[in-house]
Amino acid sequence: MTVTGPPTVLPARYDVTGLAADSVAWAASGAAELLAARNAEPPRAVSVDRVAACAAFAGERLAQPIGWALPPMWDPLAGDYLAADGWVRLHTNYPHHRAAVLAGLGLPPECASRDVVATAVAVRPADAVESAVVAAGGPAAALHPPAAWAAATVREGTTVEPAPAVRLTLRPDSSPFTGVRVLDLTRVIAGPVATRYLAAHGADVLRIDPPGFPEVPALVPEVTPGKRCAFLDLHADRGAFLRLVRQAHVLVCGLRSGALEGLGLSVAALRAVNPGLVTARLNAYGWHGPWTGRRGFDSLVQMSCGIAYLDAYSAPSPLPVQALDHATGYLLAGWIGRALAEQLRSGHPADIRTSLTATAEALSGRARPTVAAGAAGEIEWPDSVFETADTSWGPIRRVRVPGTIEGVTPRWTVDAGPLGRHPPSFG
């Protein structure tokens with residue numbers, strides 16, 4: 001393993017640069033381990049450039065359409081609001097979440113004014129705003145100091161649980177994940193980063209969304225490269241979905257804790273259909289304790305766990321990039337590579353579980369940098385971290401796949417494009 005580049009690329013109060021480099025290294029070394037296992041060869045050398053890793057963490061804001069435009073990244077109502085006793089963040093990028101936030105605040109669904117929302121929030125305690133929005137089915141997070149989070153939650157990391165042996169066979173190949181069929185049930189950034197990485201290294205990734213699912217439009221070009229994307233109603237089309245489960249080697253799920261079980265698709269039920277299936281699950285707030293099952297996103301977890309907390313008087317001070325999302329995605333990709341390698345060796349598939357809070361805890365435990373905080377947009381990124389590629393909308397300049405495995409050239413063989421544009425079948 002070789003890591004190069006300056007120790008601090010993304011100035012922040014936390015070691016975001018180190019987290020970026022280490023998580024990309026974990027993904028690349030997991031892919032290298034799988035390649036070694038399938039080819040019966042020694043592991044190949046892996047190298048990571050810190051600048052390239054950090055550029056990947058800023059990928060959604062560094063993407064530059066050529067001759068077309070991306071819509072805004074954030075809904076106008078999303079953001080931080082000053083409550084009666086502190087700060088709270090509201091997440092409204094999905095229409096159903098926006099409706100739930102407004103309902104929780106007692107505002108009409110057609111409300112489109114930040115000033116009206118700010119007035120409704122200002123007269124209530126931050127925790128009361130959070131509770132009301134969460135009760136209405138929406139995502140919100142009050143800003144807490146790290147000590148309050150530590151006292152109120154269960155500490156947990158990534159877990160990997162083996163299942164009864166079912167032999168996996170993969171032919172030797174020059175790419176780590178060639179021939180691996182991945183069923184992708186993920187949203188927004190963290191899960192799609194994991195499956196996008198697998199696709200770049202040869203996996204046949206099929207993303208499944210409910211018909212008409214409104215993924216954040218500005219993110220779709222960034223999270224769909226390399227993937228077939230299909231609509232499927234898991235209630236009405238259950239038989240079709242289970243056929244895909246039977247064909248898959250890996251299922252990656254980014255739904256809330258209990259969501260799959262609510263559909264009758266627990267890990268046990270999935271393994272009854274496909275005993276050799278590797279399951280990889282991530283959520284926002286972990287798998288144990290009072291917050292499990294809560295809707296959440298990177299920016300909300302930063303508020304809840306205290307990463308965005310500066311002091312009792314200041315506005316939230318978030319990380320310069322969505323580091324929890326990206327790190328969780330690359331870490332999960334690394335675990336999947338290792339799980340498949342282990343299945344090749346021993347026959348045992350695995351159930352992998354992780355969360356944004358697990359990544360937040362890992363980041364909080366790193367030594368703090370001494371460089372002042374900054375923003376990703378202020379950095380002069382070298383041309384070497386970019387590539388130009390086609391999409392369904394036109395060409396785009398985007399960040400390359402970070403990390404290098406000796407003798408392996410990652411590439412996405414499916415252009416980025418709209419959700420639901422493919423039939424629900426593997427390639």
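Residues numbered from 1 in each chain as written. Predicted model: local features only at pLDDT ≥ 70, side-chain atom pairs only at ≥ 80, totals over all residues. Heavy atoms only, no water.

Trainee: Go over the packing of aromatic side chains, please, and point to the residues and values.
Mentor: Counting across every chain of the model gives nine aromatic pairs. On the basis of an interplanar angle of 50° and a centroid distance of 6.1 Å, the ring pair of W149 and Y285 is categorised as tilted. With a gap of 136 residues between them, W149 in helix α7 (residues 146–152) and Y285 in the loop between β12 (278–283) and α13 (298–305) connect regions that are remote in the sequence. Ring geometry for Y197 and Y330: centres 5.9 Å apart, planes at 80°, overall edge-to-face. Residue Y197 is found in helix α8 (residues 190–200), and its partner Y330 is found in helix α14 (residues 323–346); the two are separated by 133 residues along the sequence. Comparing Y197 with Y330 shows no difference in burial state: the two are buried. Every member of this aromatic cluster is reached through a ring pair, and the members are F57, Y197 and Y330. In this structure, R187 is placed above the aromatic ring of F213, and the distance from its NZ or CZ to the ring centre is 4.7 Å. (Phe/Tyr/Trp six-rings, centres within 6.5 Å; stacked < 30°, edge-to-face > 60°. Helix = DSSP H or I, 4+ residues; strand = E, 2+ residues; numbered from the N terminus. Buried < 20%, exposed > 50% of the residue type's maximum accessible area, 1.4 Å probe, protein only. Lys NZ or Arg CZ within 6 Å of the ring centre and 35° of its normal.)

Trainee: If you had to explain the pairing of strand β8 (residues 181–185) to someone new, which residues and values would you point to?
Mentor: Of all the five residues making up β8, four are buried; the element is thus mostly covered by neighbouring parts of the structure. One crossover worth recording links β8 to the parallel strand β9 (residues 204–209) by way of α8, and it is right-handed. (Right-handed = clockwise from strand over helix to strand, strands pointing away.)

Trainee: Any details on the nonpolar core? Residues and values, ideally.
Mentor: A general tendency of soluble globular proteins is for nonpolar side chains to be buried together. Counting 93 residues, the largest nonpolar core has F177, I336, L340 and W381 as the members making the most contacts within it. Excluding residues that lie within four positions of it along the chain, I336 makes contacts with F177, L198, V250, V252, A280 and I352. Listed in part, the 20 residues of the second largest apolar core include L206, A248, L265 and L270. (Core = buried A, V, L, I, M, F, W, Y, C linked by side-chain atoms within 4.5 Å. Contact = heavy atoms within 4.5 Å.)

Trainee: Summarise the pattern of salt bridges; cite the residues concerned and give the values.
Mentor: For the structure shown, the criterion picks out 19 salt bridges. Across the salt bridge formed by E387 and R398, the nearest N and O atoms sit 3.0 Å from each other. Of the two residues, E387 sits in strand β14 (residues 386–389) while R398 sits in strand β15 (residues 396–399), which places them 11 residues apart along the sequence. Taking relative accessible area as the criterion, R398 reaches 9% and is therefore assigned buried. Within the structure, one salt-bridge network assembled from shared partners comprises E33, R338, E342 and R345. (Salt bridge = Lys/Arg side-chain N within 4 Å of Asp/Glu carboxyl O.)

Trainee: Which residues make up the side chain of R228, and what values go with them?
Mentor: With respect to the helices, strands and loops of the structure, R228 is situated in strand β10 (residues 227–231). Within the local environment of R228, its side chain forms a polar contact with the backbone oxygen of S425, the two atoms lying 2.9 Å apart. (Polar contact = N/O pair within 3.5 Å; in protein donor to acceptor, adjacent residues only side chain to side chain.)

Trainee: Outline the sheet that holds β15, supporting the account with residue identities and numerical values.
Mentor: Strand order in the open sheet made by the three strands is β3-β15-β14, with antiparallel pairing throughout. Looking along the sheet, the strands with just one partner apiece sit at the ends: β3 (64–65) and β14. Direction of pairing for β14 relative to β15: antiparallel, over a ladder of four bridges. When the sheet's bridge partners are listed, F386 is paired in β15 with V399. (Pairing = 2+ DSSP bridges.)

Trainee: So what's going on with the pairing of β10? Residues and values would help.
Mentor: Across a regular strand the side chains alternate sides, sitting on one face of the sheet and then on the other. The buried fraction of β10 amounts to four of the five residues, a majority that puts the element mostly inside the structure. When β9 meets β10, the two strands line up parallel, connected through five bridges. Within β10, the position partnered with I208 by the bridge is A230.

Trainee: So what about helix α5 (residues 114–122)? Which residues, and what values?
Mentor: Buried within α5 are the following residues: V117, A120 and V121. For α5, the angular spread of the buried residues around the axis is 95°, confining them to a single face. Counted as exposed and oriented over 90 degrees from the buried face of α5: D115 and T119. Here the buried face of α5 lies against β4 (79–82), β5 (87–90), α4 (95–104) and α6 (126–135). Taking the backbone nitrogen of D115 as reference, a side-chain oxygen 3.2 Å away marks S113 as the first, capping residue of α5. (Arc of directions from axis to C-beta.)

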